[in-house]
Amino acid sequence: MESLSGASREAFYLLLSGDPELWTVVGISFSVSLRAILIAAPLAIVVAFVLAHARFPGRRPMLSAFNALQAVPAVVVGLTVYLLLSRSGPFGNLRLLFTQNAMILGQVLLCFPLLVALSHAALQALDRRAWETARTLGAPPWRAMLTTMHEVRFGLLAALIAGFGRIIAEVGSSLMVGGNILGATRNIPTAIALETSKGEYAQGIALGAVLLALALALNMALGMVQGRGEMA
Amino acid sequence: MRNCVALKTLLRASVLTATALLVMATAYAQSGVVRLSTTTSTENSGLLEELLPRFEQRSGLRVEVIAVGTGKALRMGRDGDVDVVLVHAPAAEEKFVANGYGVNRRQVMYNDFVIVGPRGDPAGIAGTKDAAQALARLAAQRAPFVSRGDDSGTHKMELALWRSADVQPAGQWYREAGQGMGRVLLMASELDAYTLCDRGTWLAMHEKLALRVLVQGDQRLYNPYGIIAVNPARHAGLQYTGAMALIDWIISREAQELIRGFRINNEPLFSPLAVRGP
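Engineer: I would appreciate a short explanation of the overall build of chain B in the present structure.
Structural biologist: A count of helices and strands for chain B gives 11 helices and 12 strands. By residue count, 45% of the 278 residues in chain B fall in the buried class.

Engineer: What is the right way to look at the overall build of chain A in this model?
Structural biologist: Summing up its helical and strand segments, chain A has 11 helices and zero strands in all. Of the regular secondary structure in chain A, the N- to C-terminal order runs α-α-α-α-α-α-α-α-α-α-α. Principal-axis analysis of the C-alpha atoms places the extent of chain A at approximately 65 × 50 × 25 Å. Relative to its 232 residues, chain A shows a buried fraction of 39%. A separation of at least 24 residues holds for 77% of the contacts in chain A among residues at least 6 apart in sequence.

Engineer: How should I be thinking about the interface of chain A and chain B in this particular structure?
Structural biologist: When the parts come together, some accessible area is lost, and that loss is often what is quoted as the size of the interface. Facing the 14 residues of chain A at the interface are 17 residues of chain B. Here the side of chain A that touches chain B takes three residues from helix H10 (residues 188-198) of chain A, the largest share from any one element. Across the side of chain A that touches chain B, the residue classes tally to five nonpolar, six polar and three charged.

Engineer: Whenever I open this one, the domain arrangement of chain B confuses me. Can you help?
Structural biologist: Residues and elements named next belong to chain B. In terms of domain boundaries, chain B breaks down into domain 1 (9-111 + 225-272) and domain 2 (112-221). Taken residue by residue, the interface counts 17 residues in domain 1 and 14 residues in domain 2. Per element, the largest residue contribution to the side of domain 1 that touches domain 2 is three residues, and it comes from helix H2 (residues 40-44).

Engineer: What should I look at first to understand the confidence of the model for chain B in this one?
Structural biologist: For residues with low pLDDT, the predicted coordinates do not support detailed interpretation. Residue and element names in this part refer to chain B. Considering every residue of chain B, the mean pLDDT works out to 88; 88% of them sit at 70 or more. The secondary structure element of chain B with the lowest average pLDDT is helix H1 (residues 2-30), at 56, and the one with the highest is strand E5 (residues 145-147), at 97. Considering only residues more than four positions removed or in separate chains, one finds that residues 24-29, a stretch of pLDDT under 50, has one contact. For this predicted complex, the interface score ipTM comes out at 0.71, alongside a pTM of 0.74.

Engineer: What is the right way to read the pairing of strand E9 (residues 222-230) of chain B from this model?
Structural biologist: Where a strand is regular, its side chains alternate between the two sheet faces. Residue and element names in this part refer to chain B. For E9, the buried fraction is high: seven of the nine residues fall into the buried class. Examined bridge by bridge, strand E3 (residues 84-87) and E9 share four bridges and lie antiparallel to one another. Counted as the bridge partner of Val-85 is Ile-228 from E9. Taken together, the eight bridges between strand E4 (residues 102-118) and E9 define a ladder with antiparallel strand orientation. Its bridge partner being in E9, Arg-106 is matched across the sheet by Ile-227.

Engineer: For this particular structure, what's the right way to read the pairing of E3(B)?
Structural biologist: All names here are of chain B. Along E3, one buried face is formed by Val-84 and Leu-86 and the opposite face, lined by Val-85 and Val-87, is buried too. Where strand E1 (residues 33-39) and E3 come together, three bridges link them in parallel fashion. Considered in E3, the bridge of Thr-38 is made with Leu-86.

Engineer: Got a minute to help me understand the packing of helix H4 (residues 74-85) of chain A against helix H5 (residues 100-125) of chain A in this structure?
Structural biologist: Working note: a packed helix pair is described by the angle between its axes plus the distance between those axes. All names here are of chain A. Remark: H4 packs on H5, axes separated minimally by 10 Å, with the N-to-C direction vectors making an angle of 135°. Accordingly, the angle class assigned to the pair H4 and H5 is oblique. Two packed elements cross with a definite hand, and for H4 against H5 that hand is right-handed. Residues Ala-74, Val-77, Gly-78, Val-81 and Leu-85 of H4 touch H5, and the partners they reach there are Ala-102, Leu-105, Gly-106, Leu-109 and Leu-110. Counted by class, the contact of H4 with H5 contains eight nonpolar, two polar and no charged residues.

Engineer: How do you make sense of helix H11 (residues 253-261) of chain B when you look at a structure like this?
Structural biologist: Each α-helix winds once per 3.6 residues, and so residues spaced three or four apart point in a common direction. Residue and element names in this part refer to chain B. When we look at burial in H11, the residues that qualify are Ala-255, Gln-256 and Ile-259. The buried residues of H11 occupy one face: seen down the axis, they fall within an arc of 100°. Seen from the buried face of H11, the exposed residues on the opposite side, beyond 90 degrees, are Arg-253 and Gly-261. Residues of H11 that are buried in the fold lie against helix H3 (47-59), E4, helix H10 (240-250) and strand E12 (271-272).

Engineer: Help me out: how do you make sense of the nonpolar core in this one?
Structural biologist: Soluble globular proteins tend to pack their nonpolar side chains together in the buried interior. Grouped together as the largest cluster of nonpolar side chains are 135 residues, with contacts concentrated most on A:Cys111, A:Leu115 and B:Val84. Top element by residues in this core is H5(A). It accounts for 16 residues. When residues no more than four places from it in sequence are discounted, the contact partners of A:Leu115 are A:Ala40, A:Ala41, A:Ala44, A:Ala159 and A:Gly163.

Engineer: I'm lost on the packing of H5(A) against helix H8 (residues 153-168) of chain A in this one. Help?
Structural biologist: Residues and elements named next belong to chain A. Axis separation between H5 and H8 bottoms out at 9 Å; the angle between their running directions is 160°. By the criterion of interaxial angle, the relationship of H5 to H8 is roughly antiparallel. The interaxial crossing formed by H5 with H8 has right-handed handedness. On H8, the residues touching Gln-107, Leu-110, Cys-111, Leu-114, Leu-115, Leu-118, Ser-119, Ala-122 and Ala-125 of H5 are Gly-155, Leu-156, Ala-158, Ala-159, Ala-162, Gly-163, Arg-166 and Ile-167. Residue composition of the contact of H5 with H8, grouped by class: 12 nonpolar, four polar and one charged.

Engineer: What's the story with the environment of A:Trp131 in this structure? I'm lost.
Structural biologist: For A:Trp131, the position within the fold is in helix H6 (residues 128-136). Not counting chain neighbours up to four residues away, the residues in contact with A:Trp131 comprise A:His53, A:Ala144 and A:Thr148.

Engineer: Before we go on, may I ask you to explain unusual backbone geometry in this structure?
Structural biologist: Peptide bonds are trans in most cases, and residues, glycine excluded, mostly fall at negative phi. A positive phi angle is found at A:Arg95, which is not glycine, with a value near 50°. Assignment of secondary structure puts A:Arg95 in the loop between H4 and H5. Owing to 15 C-beta atoms within 10 Å, A:Arg95 belongs among the partly exposed residues under this scheme. Backbone geometry at B:Asn265 places phi at a positive 50°, although glycine is not the residue there.

Engineer: What is the right way to read H4(A) from this model?
Structural biologist: The end-to-end C-alpha distance of H4(A) is 16 Å, a good match for the 16 Å that 12 residues give at a rise of 1.5 Å each. If you follow the buried residues of H4(A), they end up packed against H5 and helix H9 (172-178) of chain A.

Criteria and cut-off values
Residues numbered from 1 in each chain as written. Chains lettered and ligands numbered in written order. Predicted model: local features only at pLDDT ≥ 70, side-chain atom pairs only at ≥ 80, totals over all residues. Helix = DSSP H or I, 4+ residues; strand = E, 2+ residues; numbered from the N terminus. Buried ≥ 20, exposed ≤ 12 C-beta atoms within 10 Å, placed from the backbone. Contact = placed C-beta atoms within 7 Å. Nonpolar A, V, L, I, M, F, W, Y, C, P; charged D, E, K, R; others polar. Domains from an automatic or database assignment. pLDDT = per-residue confidence, 0-100. Pairing = 2+ DSSP bridges. Axes fitted to C-alpha atoms, helices over the stretch in contact; angles between N-to-C directions. Parallel < 35°, antiparallel > 145°, perpendicular 65-115°, else oblique. Left-handed = near helix turned anticlockwise from the far one by under 90°. Arc of directions from axis to C-beta. Core = buried A, V, L, I, M, F, W, Y, C linked by C-beta atoms within 7 Å. Expected span 1.5 Å × (residues − 1).

Below you can see the structure in the form of structure tokens.
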């Protein structure tokens, strides 16, 4: 396996030498996925809050739907966004296809159900009386909601980290709607797919190492957050 | 406890099955299977479907096709993951042989590239005879151009054309997609952009695209395919005799006539190189 060891050595050289192309790709990955999670999270948490605290017909089917949607493959989301944004699609005039905004849209759709389901689980675990007490003490609804969310902040943070983990590593939707354009829409996963298809394994391994390091960091952060949550 | 035993039995059974499958797969690989890595253009055009069944019938061998870009196809040969490669990048092929990765390179056939772009041709390159001049005009007007950017044979051809046009393509107008030909054509169509395409993929896809052929017929757009056996001295367990049988057959009169007769939408796609003339 001279191929594996040689490529790995080259990969670490690339990482350490600050190869500009490689770090541009890493930067695009983070900027796109961070923006996606910042757009998706507020709405997802409000939806989860309503699902956890309000009682209305259709609540259970909605919950089931969000749970089911977590399993939708990224390529299906990609295909949907592609068809919507294509010139022959309903939003073709916006000319969004093959831009970072299209990637963000795909990632928002990908992480939204996961965020709702996990936030709902966190909010559900909290005693309903927290909300009722806050309301009886005269807090307006939005203030009561903030209080409730503060109580389950660790659970919500865990949901955010899980959502971010899903979209930073997905390749199917980004490749389809982003187009893998160098310096614009090429992120870590699509770059790995490309470098491998070129037989350039070193770049692929280097980028894979960045993702792996990130996954480790996120999981350790998650573990710490949950540990603190249990102690509190 | 019972459950636990059942689980262990299941685990053992699955390990056994997996081992058996692995052994079978290994034996299979050493029997009559030739692995061919080739470019997407030969696979997607349907040419291989026309050629390979005849070879399999004659030789009793089975050919497994792995269709990737030229860069990857050669890399797979270098790593000993395939027995024979069929690609289109003469300079890279020569290097592949010179480095000792492959042996017995033969010219098989050629087709050509075309420069395609928006139907309205805003940059006005339609009918230009000189491909490099056409690209230079695109660069001068910053007309959007989608590049394969994936180290494929088509990408190498495109870079060679930019070099002969004396242009360093870079900037907002030049988009390196890093994807296969079909995807790049769809992107060019969506973005009202120009691109370089092999005629086979163009013929197979043009009905779905808002593009048309603008430049063709330049000598420089000529695209020869070569076939090379992977050097059996570098890796154990290669199907070298099978690879040589395939090479011998593909440059035979019979296969070359099949290549000449191959049509998409009634248009010929490839011209044989090993056996010329009728």
